[in-house]
Structures are given as structure tokens and as C-alpha cells.
Amino acid sequence: MQQAAAPKISFVSLGCPKALVDSERIITRLRAEGYELARKHDGADIVIVNTCGFLDSAKQESLGAIGEAMAENGKVIVTGCMGAEPEQIEAAYPGLLSITGPQQYESVLDAVHRALPPLHNPHLDLVPPQGIKLTPRHYAYLKISEGCNNRCSFCIIPKLRGDLVSRPANDVLREAERLVSAGVKELLVISQDTSAYGIDLKYADSPWKDRQVRARFFDLASELGELGAWVRLQYVYPYPHVDEVIGLMTEGKILPYLDIPFQHASPEILRAMKRPAAQEKTLARIEKWRKQCPELTLRSTFIVGFPGETDSDFAYLLDWLEQPEIDRLGCFKYEPVAGAASNALGNAVPEEIKQERWNALMARQQKISARQLKRKVGTRQQVLIDEVGPTVSKGRSRADAPEIDGTVYVSSRRSLRVGEIVTVKIERSDQYDLHGSVAGY
């Protein structure tokens, strides 16, 4: 008797790394139940679209992806942040099989089971113990909490994902250990507010190996640093207790890298954003960090054109940038988001001025970045290889997160492997990237 073909699912994952983690969890469960992934919508039995609903432009991208899936397949399940407010999706595509919000894994699986029952016994299907990863094999995102307790006026994440809910420390460490055992060389620690980790748990202990580990930012980072992989901290707020992890960086336990979404520098705009406005203290803290750990790389994101942003507010931001010398910077033009408190603010900034300010900020940052990178010429850097070429490969230094930061172009006399860490002598730099040759393996 011929065995029936396994049911096939096509998957689209949009938005931030946190959504990517959600996608990986759903796929892991489905693969464990015998479902297979299809490369194209028209070759699949069902399409799942994990949406992003943070900005209007992201919503339009999500609606476009749903429309494409409906046109090419017709059987579509929608999940993710945009699914938390399904009215717009339902109005555009009334024939969807299911719409659910973020982290509602069971609801997604129930919808799949109703439309396409699993063919095999889950206990007989093979799935890698580390789960199915949408990222390359050598790095992985490690989500340590859901939701956020902050109430920034431009953001609806708490509305979509709820208040902070931290995972117990041993749960995070078990996942991290499995990933490293499976060959992951870099763990990217993420959440909406990574440095707030454990507040909701009152920093409770949980058993790990022969000891108790507190659900606390420093303790978790310290334990992750013992696993033998690069540990990169992202989405960190500059709370005073972040000072403690700088010592872990100088000890080599975790990467000397912090991703801190400052968003602006003007005290007036920060107050309107409902974010901490004590930038003088922040600058002093950064100065202290850099003194303690000269290798420290800072990445940040900023918003220009926030309601009420004046020429003097923007000039303040440009001047401020020169002081901390942010190494890596992303900039967004403000977009009103349905349901955000900032929509009630007056004094909208015209689109053409937003664009001018974006151009000016990126031009200023380009000079800062080029200056920072030039200082690395002549140094030796550890580089994690992401993509192999015939003579020149692409990788990332300890200062570069995947997809958002710069690249190190590496020439080598022998062929390199994806996921290999090599020592590279930096020979030249440009505005965003480094170029060098292998000096050690």
C-alpha cells in the first residue's frame, strides 16, 4: 500500500526577530506532527502568514503577503501582531481560514488541524531536538520574555502583546544549551525590553544543573556566557543595572555589544514619547561603559519627525550623536499607528521635512560610522562567516548583528565554511563595512 504524501505548509514570516522566533516555534510543532514545508504557495495545502502590525507600512506589507497567499493558494491562516486587531484583515480577505494574534501557537495549530489533519503519529516523526530554525544554522534568536511594561506614546506593542511575561531562567538556558549543542555559534538575546527581564517574576530562582539561577538580566547573561557561543544583547534599555553586564563583556563572557533604542535625544521629544529623558545621565553612563570596555559597540534606533519635533529639537539630536559616537544606527521617519497615544499630539511634521531630517541624520551617522570603522584598520578581529564566496567571503565581527549591521569582507587562501569563526586582519574600511584577509583559524 502506497503511503500518502505528507501534508505541506507554506510559511511567510514578517516583522522583527521576535516574530521569527514565534514562527520557528510553530514550524517546530508542525514538523513534529509530520507536516512538511513547501517552498511555494501553489505547491502547499495551506499557507500560514505571520504578520507584523507595528507600523502602517508593515501592515500594508502584511496585507500584501496575505493577498499573494490567497491568490496563489486560497487556504490561508493568519497569525502575528496584526492578527490581534483582525478587523482590517477580515475586511480585505473575508475567506481566510483563521486569524489569531501573536504567541497564540495553540490556536494556529488548531486551525491547521481543522483544515488539514496531521497524517502521521507525532511520536514517529523525526525533528531536530533544537527545533526548526528559519535563521541559518550558526546563529539563533533567543527570546527571553514576551510583552512590555513600557508605555511609549508611539508604540502599541503592549496592546498587541500585553505586559512583560518573562520565561524562567532554566527554561531559557535549556533552549540555549540545545541550540549550542546543535551547532549554533551565536545567540541573539531578544525581547521587547531585554534589560527588564525577570521583574514580573520578582527575579525568582529556578534550578539549573547543580545550582539555582535567578531570573535576572545579569545572572542570565552570565550563565549564557558559559555555553561557549557568542552572546549578543539586543533591545536593552539603559537602566542603571545594565552597568553590571559591562564587566561580563570585559571578561569575554558576552559580546561587547549593546543594542539600545534611544529613539531621540531632545528632552522635550523624549517626554512626548514617554521615554526616560535624563540623557545627561545616559551620556555619563555610556562614557563609563566605554572607559571600562573600550571595545564596546553601541547600536541604536532613532525616530525623526515625531509630532512637535522642532528644528532645534532635531539640531539637539544631531549634536548629541557626536558625543556617544553610536557605532551602528537605524533611523525611522515617524508614522502614526492606529491606537497609539501619540496620534492625539498636535504639530505634525510635514513629510518633506521628515525626509530632510532623515537624510541629514543618516549623513551625520555615516561620517561617525566611517570614523569608528577606520580605527579598526590594522587590527585583528574575530569574524563569524555567514556566506562563502570563491575568493571573498562575507562575515560579521563581534560588533555586527546579522541583517542590521555591517559586513566584513574576508579574503582567504583556503575555502571557508559557513559558521566558521576566523581571525581577520582588517586592511581597509568604508562607511559601513570592513575588508580584510584571514590571519588565523
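Every chain is numbered independently, its residues counted from 1 as its sequence is written. Local features in a predicted model are, by the rule used here, given only for residues with pLDDT of at least 70; side-chain atom pairs are given and counted only at 80 or more, and totals for whole chains, interfaces and linings are based on all residues. The side-chain quantities take in all heavy atoms of the structure and omit both hydrogens and water.

Looking at the sheet that holds strand β5 (residues 98-99)
Step number 1: Strand pairing is defined by DSSP finding a minimum of two bridges between the two strands. Helix and strand definitions follow DSSP, with helices as H or I runs of at least four residues and strands as E runs of at least two, each counted in order from the N terminus. The strand order across the open sheet built from five strands is β2-β1-β3-β4-β5, with neighbouring strands paired in parallel fashion. Two strands in the sheet have a free side with no partner beyond their single neighbour: β2 (36-37) and β5.
Step number 2: As paired strands, strand β1 (residues 8-13) and β2 are joined by two bridges and run parallel to one another. In the sheet register, Ile9 faces β2, and the bridge partner there is Leu37.
Step number 3: Of the strands in this sheet, β1, β3 (46-51) and β4 (76-80) touch helix α2 (residues 56-72), which is tilted by about 180° from β3. Between two residues, a contact is recorded if the distance between any of their heavy atoms is within 4.5 Å. Whenever a helix is involved, its axis is fitted only over the stretch in contact; in every case the axis is a line through C-alpha atoms, and angles between N-to-C directions fall within 0 to 180 degrees.

Structural notes on the sheet that holds strand β17 (residues 392-397)
Step number 1: Taken in spatial order, the five strands of this closed barrel run β16-β17-β18-β20-β19, and their pairing is mixed. On average, each strand axis in the sheet is tilted by 55° relative to the strand beside it, whichever way the strands run.
Step number 2: By the bridge criterion, six bridges tie strand β19 (residues 421-429) to strand β20 (residues 434-440) in an arrangement that is antiparallel. Within β20, the position partnered with Thr423 by the bridge is Gly440.

Structural notes on the layout of surface pockets
Step number 1: Two kinds of site are reported from a 1 Å grid over the protein atoms alone, namely cavities, where a 1.4 Å probe fits but cannot get out, and pockets, open sets with protein on both sides within 12 Å along at least five of seven lines, and residues are called lining when an atom falls within 4 Å of a point. Grid points are joined across faces, edges and corners, and a volume is the space filled by probe spheres set on the points. The space that makes up the largest pocket amounts to roughly 1400 Å³.
Step number 2: Taken together, 45 residues make up the lining of the largest pocket; nearest its centre are Cys16, Lys18, Phe54, Tyr235 and Phe332.
Step number 3: Listing elements by their share of the lining of the largest pocket, those giving two or more residues are α1 (17-32), α2, α5 (157-161), β14 (297-304) and β15 (328-333).
Step number 4: In terms of residue count, α1 provides more of the lining of the largest pocket than any other element does, four residues in total.
Step number 5: Considered class by class, the residues forming the lining of the largest pocket number 25 nonpolar, eleven polar and nine charged. When residues are grouped by polarity, Ala, Val, Leu, Ile, Met, Phe, Trp, Tyr, Cys and Pro land in nonpolar, Asp, Glu, Lys and Arg in charged, and all others, Gly among them, in polar.

Considerations on the packing of aromatic side chains
Step number 1: Here the aromatic set is Phe, Tyr and Trp, taking the six-membered ring for Trp, and pairing holds for ring centres within 6.5 Å; pairs whose planes are under 30 degrees apart are stacked, those over 60 apart are edge-to-face, and all others are tilted. Per the stated rule, a full pass over the model turns up seven aromatic pairs.
Step number 2: Summarising the aromatic geometry, the rings of Phe262 and Trp320 are spaced 5.3 Å apart at their centres and angled 70° between planes, so their arrangement reads as edge-to-face. Of this pair, Phe262 sits in the loop between β13 (257-259) and α9 (267-273) while Trp320 sits in helix α11 (residues 311-322), and the two are 58 residues apart along the sequence. Comparing Phe262 with Trp320 shows no difference in burial state: the two are buried.
Step number 3: Look at Phe306 and Tyr334: their rings are 5.2 Å apart centre to centre, the planes differ by 70°, and that puts the pair in the edge-to-face class. Separated by 28 residues along the polypeptide, Phe306 in the loop between β14 and α11 and Tyr334 in the loop between β15 and α12 (351-374) bring together distant segments of the chain. Of the two residues examined, Phe306 and Tyr334, each falls in the buried class.
Step number 4: Any Lys NZ or Arg CZ that is within 6 Å of a ring centre and within 35 degrees of that ring's normal is treated as a charge sitting over the ring. Note that Arg232 overlies the ring of Tyr257, its terminal NZ or CZ placed 4.5 Å from the centroid.
Step number 5: The aromatic ring of Tyr139 is capped on one face by Arg396, whose charged end is 5.2 Å from the ring centroid. With a 1.4 Å probe rolled over the protein chains alone, any residue whose accessible area is under 20% of its type maximum counts as buried; one over 50% counts as exposed, and the rest are partly exposed.

Focus: the nonpolar core
Step number 1: Among buried residues, those of type Ala, Val, Leu, Ile, Met, Phe, Trp, Tyr and Cys that are joined through side-chain atoms within 4.5 Å constitute a nonpolar core. Leu224, Leu233, Leu258, Trp289 and Leu361 are the most contacted members of the largest nonpolar core, which totals 52 residues.
Step number 2: When residues no more than four places from it in sequence are discounted, the contact partners of Leu233 are Val189, Phe217, Val245, Ile254, Tyr257, Leu258 and Asp259.
Step number 3: Of all hydrophobic cores here, the second largest spans 16 residues; its members include Leu30, Val108, Val112 and Ile132.

Examining α2
Step number 1: Helices are assigned an expected span. That span is 1.5 Å times one less than the residue count. Taking 1.5 Å of rise per residue, the 17 residues of α2 would be expected to cover 24 Å, and the 24 Å separating its terminal C-alpha atoms lies within 8% of that figure.
Step number 2: Turning to α2, its buried residues number three or more, namely Ala58, Lys59, Ser62, Leu63, Ala65, Ile66, Gly67 and Ala69.
Step number 3: Buried positions along α2 lie against β1, β3, β4 and α3 (87-92).
Step number 4: Immediately beyond the C-terminal end of α2, within one or two residues, lies Gly74, with a positive phi of roughly 100°.

What about the side chain of Arg232?
Step number 1: Structurally, Arg232 is set in strand β12 (residues 230-233).
Step number 2: Judged by relative accessible area, which is 0%, Arg232 ranks as buried.
Step number 3: Polar contact criterion, stated in full: a pair of N or O atoms within 3.5 Å, where within protein one must be able to donate a hydrogen and the other to accept it, and residues adjacent in sequence count only if both atoms are side-chain atoms. Among the polar contacts made by the side chain of Arg232, one reaches the main-chain carbonyl oxygen of Arg398 at a distance of 2.8 Å.
Step number 4: Setting aside residues up to four positions removed in sequence, Arg232 forms contacts with Glu186, Leu187, Leu188, Val189, Leu255, Tyr257, Arg396, Ser397, Arg398, Ala399, Asp400 and Ala401.

What about the pattern of salt bridges?
Step number 1: The working definition used for a salt bridge is a side-chain nitrogen of Lys or Arg within 4 Å of a carboxyl oxygen of Asp or Glu. Counted under the stated rule, the structure contains 35 salt bridges.
Step number 2: Put simply, Asp22 and Arg161 hold a salt bridge, and the shortest N to O gap is 3.4 Å. Placement of Asp22 in helix α1 and of Arg161 in helix α5 is noted, with a sequence separation of 139 residues between them.
Step number 3: Among the residues examined, Asp22 registers a relative accessible area of 3% and is labelled buried.
Step number 4: Here Lys354 ties to Glu351 by a salt bridge, and the two come within 2.9 Å at their closest N and O atoms.

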